2 protein chains.
Amino acid sequence: MKRALPLILAAAASAAAAPAIAQDTAPSGAVQAPDVPPLFAAETARAREFVDEMIAAGITVPVPADPGGGYTHEQHKRNFRAMFLASHLYNLSDDQRYFVFVRDMLLEYADLYPTLEDHPARSNQNPGRLFWQVLNDAMWLVHAIQAYEVIRDDLDSESRDRIDNDVFRRAAHFLSVESEATFNRIHNHATWATAAVGMTGYVLGDDELVRRALYGTQGDGESGFLRQTELLFSPDGYYTEGPYYQRFALLPFMVFAGAIERNEPERAIFEHRDGILRKALLATIQLTYGGYFFPFNDAIRDKSLNTAELYQGVAIGYSVTRDPSLLGIAQFQNRTMITPAGLQVAEAIEQGLAEEFPFRSMVLRDGPNGQQGAVAIMRNGSEPGHMALVAKNASQGMGHGHFDKLSWQLYDNGHEIVRDYGAARFLNIEAKEGGRYLPENESWAKQTVAHNTLVVNQQSHFYGDRDLADQSAPTQQCFGVDDELQFSVASIDDAYPRESVTMERMLAMVEIDGLSAPIALDVLRAQGDGALQFDLPLHYAGHIMRLGFDVDRNTAGRPILGDANGYQHIWVDGRARPDGEQSLMTWLLDGRFYTYRFVQSGELEVILGETGANDPSFNLRREPIAIQRVSGTDRATFVSLVEPHGLYDGATEQTIDSDSQIASLHHIRSGTTDIAVIETITGAQVAVAVSWDSNAEAEHSATVNGQELRWQGCVARISLSRGES
Amino acid sequence: MKRALPLILAAAASAAAAPAIAQDTAPSGAVQAPDVPPLFAAETARAREFVDEMIAAGITVPVPADPGGGYTHEQHKRNFRAMFLASHLYNLSDDQRYFVFVRDMLLEYADLYPTLEDHPARSNQNPGRLFWQVLNDAMWLVHAIQAYEVIRDDLDSESRDRIDNDVFRRAAHFLSVESEATFNRIHNHATWATAAVGMTGYVLGDDELVRRALYGTQGDGESGFLRQTELLFSPDGYYTEGPYYQRFALLPFMVFAGAIERNEPERAIFEHRDGILRKALLATIQLTYGGYFFPFNDAIRDKSLNTAELYQGVAIGYSVTRDPSLLGIAQFQNRTMITPAGLQVAEAIEQGLAEEFPFRSMVLRDGPNGQQGAVAIMRNGSEPGHMALVAKNASQGMGHGHFDKLSWQLYDNGHEIVRDYGAARFLNIEAKEGGRYLPENESWAKQTVAHNTLVVNQQSHFYGDRDLADQSAPTQQCFGVDDELQFSVASIDDAYPRESVTMERMLAMVEIDGLSAPIALDVLRAQGDGALQFDLPLHYAGHIMRLGFDVDRNTAGRPILGDANGYQHIWVDGRARPDGEQSLMTWLLDGRFYTYRFVQSGELEVILGETGANDPSFNLRREPIAIQRVSGTDRATFVSLVEPHGLYDGATEQTIDSDSQIASLHHIRSGTTDIAVIETITGAQVAVAVSWDSNAEAEHSATVNGQELRWQGCVARISLSRGES
């Protein structure tokens, strides 16, 4: 086999006298060294505690039986974690107990593996051997092969042959040949599989496995790891399935790339496609707020930068790029790997090299060529609690995508204020369909009404047809960032092909004189054929404090809103037909008030509701919704804003500005442009003019209250008066 | 006038060369001293920032107009805070700006005060002058008089006379003579009023005001501050209105006591009634979990040890008692006062004298003689996240009391798992009825069904009649704490006089071999006359993971449970008639699972629901409820337990023991005793035997599965088998 090369330079230097370094492992004895940085020492201690417990409990390699979250599933997961960590502890300490543990466990797997057939708890497709789905088998192999690489040279030849043949060759064969369909996909499951098989190839010295991993089973490069790096990421490093799966895929991408770099540095894998893997790492981090990933598409909301994938990604990424802002992320994580890359991170932090990660406003284009929409992120800072607006103008994102074109989210004060539901799933909880996606993921979470975007005729985008959805994507028309205005404009004209609906949406973060925070402004216009019903839901978080309008309340019986496409899951609390300038509602969340204000047009109805209807197994979270509805027309323009204001401090009994500080919101249509005029209670007046013209050079004008406004490009903020101070 | 004496010894010593010390104020110059402890320096800086902003904004003393939370209300609150802090900053720094600020603001009040009549936003009773209710006027005076004491000697005589006469004498007269009914109550409002008037008496040298404050307007000691210390606290320092108001009343009790100690040390006020004020301070702290007060009775849930009342209470308490565990609380608060007592706290912390506060299991008796029930607290530790069970066996607690006899709460992992709703009120939020108690406080929060206790015939205890409720209280029959069992037994026989219902309840925290945490065990038995309906609600927190029984679900329309006494606020999600040993439900909260398990008796119905029906103004939080119902019988025994188990970590995708680790719960009636038998899935078997006999010496026996159990006293835990390890 090709020998693994030391990846790390600084660590390698200090390890000159140490035994030959297998793969990404720290110099022996580092664990005892008194000058190991605290972060690394803590990581080693944590690993030791876990592995020592596993050793004390005795090796347990059960016959596979349970689905996700069940006993055998969790035990095999624990086993691969334990082998991975034990091998590194062995490398760091030379402690034979760790060597023996990994060896003996792999020998048990060598007994078990040849007896396995499809997993008894398989669901319909892609069954695994050790786990209910092949994906988990790939994850097992990614970790186990890294452990094996460390101990393999120290094995007697009989053990080595048995483990080579009865565990790793079989597992690699299973993942590549027997599960060829999965292996050759352009999909995160295939990234895990190719990484597992490719790394197995390097360790066993089997070039065929490496070739298969890099170029697919056909060897033509139309599939395999390299093609995945080209098709799954946009030129900005955005992964088309969205942040949750971007995080998940990052580990095999980074770990296998690290192995390629060590074994075949001439491939310059980290420079491939203009450094796409580095970009992917940074984009993954940018797709977070308060450390948590934006939960759009199928996403478990618990996932944050504090996950194994990101510890690994940050460590390998830092070793390649020396980007000091990655150290800032490692500090936030307060975790790293017990590998040379991890040691390098810990040492650099100790040397004070860490810098704050530059969270910033940006567009991340989607699609291999960057032409399938985008995710636009607007932030008013990067400190904890800053305000962030996410415009989800990306493509469908494959099977885990939601029918949520042009949807958005708003974060403030550490919370998601305008929410995305994420996935309906309780990962690894056996009582919840074995931890798999729940039926409500299809019937609710993926449906358009579960998102903050336009629903026509109570149908989901693309009529909920994924094949149709895969064929198109929104267009990110423009994006701009300056001190007082950040904006995104996007459009899509084939989300409802039968009704020929075109949708355009401008989302902006706008500073208004005298307000304590920017507002989030939303101008959405749509046009189609015939008498249509347009619903614009807002999934907000908080407790209603004030309604500007009378609501016909369902107080003694709670009906449902509809019977399909997610509407069957909405309880209706009441309906209203606001008029005048009191089309507003204020809610309270964690000591801060938010007012949602919208322009009342003639036939606007507002529906207040909550999720949780038609949910026989209590699978859904119960969350409030407000829907603006316009019916019986071929077009509609929704002009709305969310205004964060005031504070409520129950401890000190201080309440400030619990009511909206805005006096009015008006909408003016002038030619093909739309202008929103916001006036505060102290008289400041700001117009936000939208030309719907992506030509940044084009000049536009409109007349507002007898005053002529002129601007250039897509969107402009024009101060009409400053108001009293 | 009598001169205020320096309260503090250590601080006074180092201030020997400083100007004469008025009241509880730190030595001049301390704010600049480089050796001021960080806690004190931070407090001073915070005060300075606030006061400097107030000075920069200019003095604003508006004509009273708004109710709680409105502009004038909040401004007058800011003013008294600013005067209090500015006077202390003046004392610390000799900075004339602070002197001038307090003086000029008081002169503005001298202009305003004589023009005032009843507040325009008064509700029916007890109107204030500056505020909508007299209570807030008393709070204003408590703070303003402390500020005035600091600056009064430095005023020219004209200003002093104007402020003496047009502010303080008028305010004291208003609170004592014009508001005599409030002033002479035995109630926290009267504590604020008497403290305000008494301290004004000391500062103005007006012995009549002091006498009135101490003994009531009649001077007979049947009312007034001293009587309040005798009647409002139990011998254990429990305040009959409950923790929320105990916290609130603590400030005037401690501050006025501090003033009495300085002006009339011969009264030995802190020794009065066997040191009742010290006991009250310690009891206040014991009535918390994770820093938050148990929210039973009318209580705002935001209130924690981090409130001004407790900063003041801890500082004064430490100066009197030198109890090092109070320093532990100050460390938790990370706050103190900018007074000599606060400096002493900060210095003692700096010297490393702080000790952990000994949160522990205890009974706090209620009633002036300790004979009106009790609050029983069981804890399995004191570290963050420990488990705590609170048995609310106290008396009604006056007008802010709830109809919740023998109710309970359970805390674990930092959360309230079995919940008390607290008050239906949004303090100081004008949109919510001016920040006052909401109608739903009467219709829901006070009703029995809003609590975790027995409801008979869908009526609240005492039929919701406070006068009736005031006439009786539960009896705390017994309480015990040992390693493997903590228990409380209480009873009440006149909560439903018309149906002659007697209720007895045992609540226990029980260790079971092999379980990761104790269980909370609940045995409640009731007996009355006729065919009754017994409902036992459990207000839990979490998302349902598993139901052991089939539920007839209301999925497409949600009816209400009843039409009065709180039942009108409950949406019904479904009904079940569990049988066999699957009478259980499991929910998930913040990474931990909880299973509620109950013994299925023949006619048991289970109702699953949620609050929020008949709530036209969206005033209620929406929270889940499970109700055990037995109908058409004159007696019922409910045997239930809550078992915390397992963990769910979405970040690492680890799920452990998501299903209950208990195999069965059985109930055996033997003679007059009740025995609960818990068996785990590994075979450990524990019996908890309840004799319902408070005689600790009495011997009891019962036969369970052919095995004879013998025990002494109220409750015993008997291990029947240890199970597999």
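Colleague: Quick one: what's the story with the relation of the copies chain B and chain A, residue by residue and with numbers?
Modeller: Superposing chain B onto chain A requires a rotation of 180 degrees together with a translation of 0.0 Å along the rotation axis, leaving an RMSD of 0.1 Å. Taken together, the turn and the small shift mark the pair as related by a two-fold rotation axis. The position closest to the rotation axis in chain B is occupied by the C-alpha of R558 of chain B, lying 2.4 Å away. Of all interface residues in chain B, 100% are interface residues in chain A too; the two copies therefore contact each other through one and the same surface.

Colleague: Which residues make up the pattern of salt bridges, and what values do they have?
Modeller: Residues and elements named next belong to chain A. With the rule as written, the count across this model stands at 90 salt bridges over all chains. Note that R505 and D522 form a salt bridge whose closest N and O atoms lie 2.6 Å from each other. Of the two residues, R505 sits in strand β11 (residues 501-510) while D522 sits in strand β12 (residues 519-539), which places them 17 residues apart along the sequence. Accessibility assignment for this pair places R505 and D522 in one class, buried.

Colleague: Could you give me a rundown of the environment of R322 of chain B, with the residues and numbers involved?
Modeller: Looking at the secondary structure, you find R322 of chain B in the loop between α13 (308-321) and α14 (324-333). C-alpha of R322 of chain B to C-alpha of Q344 of chain B: the two residues are 22 residues apart in sequence and 9.7 Å apart in space.

Colleague: Run through the packing of helix α4 (residues 96-112) of chain A against helix α5 (residues 134-151) of chain A, naming residues and quoting values.
Modeller: Residues and elements named next belong to chain A. Running from amino to carboxyl end, α4 crosses α5 at an angle of 130 degrees, the nearest separation of the two axes being 10 Å. By the criterion of interaxial angle, the relationship of α4 to α5 is oblique. Along this stretch, α4 crosses α5, giving a crossing that reads as left-handed. Each of F99, V102, R103, L106 and Y109 in α4 lies in contact with α5, whose residues at this interface are W140, A147, Y148 and I151. Among the residues forming the contact of α4 with α5, the class breakdown is eight nonpolar, no polar and one charged.

Colleague: Describe the pairing of strand β26 (residues 699-704) of chain B, listing the residues and the values that go with them.
Modeller: Side chains on a regular strand alternate between the two faces of the sheet. All names here are of chain B. Side chains of β26 alternate between two faces, with H700, A702 and V704 buried and E699, S701 and T703 left unburied. Bridging between β26 and strand β27 (residues 707-712) involves six bridges; their strand directions are antiparallel. Following the sheet pairing, V704 is matched in β27 by Q707. Connecting β26 to the antiparallel partner β27 that follows it, the hairpin turn spans two residues, and N705 within it adopts a positive phi of roughly 50 degrees.

About the criteria used
- Residues numbered from 1 in each chain as written.
- Chains lettered and ligands numbered in written order.
- Predicted model: local features only at pLDDT ≥ 70, side-chain atom pairs only at ≥ 80, totals over all residues.
- Heavy atoms only, no water.
- Least-squares fit on C-alpha atoms with pLDDT ≥ 70 in both.
- Contact = heavy atoms within 4.5 Å.
- Salt bridge = Lys/Arg side-chain N within 4 Å of Asp/Glu carboxyl O.
- Helix = DSSP H or I, 4+ residues; strand = E, 2+ residues; numbered from the N terminus.
- Buried < 20%, exposed > 50% of the residue type's maximum accessible area, 1.4 Å probe, protein only.
- Axes fitted to C-alpha atoms, helices over the stretch in contact; angles between N-to-C directions.
- Parallel < 35°, antiparallel > 145°, perpendicular 65-115°, else oblique.
- Left-handed = near helix turned anticlockwise from the far one by under 90°.
- Nonpolar A, V, L, I, M, F, W, Y, C, P; charged D, E, K, R; others polar.
- Pairing = 2+ DSSP bridges.

Purely geometric stuff here, so don't read any function into it on its own.
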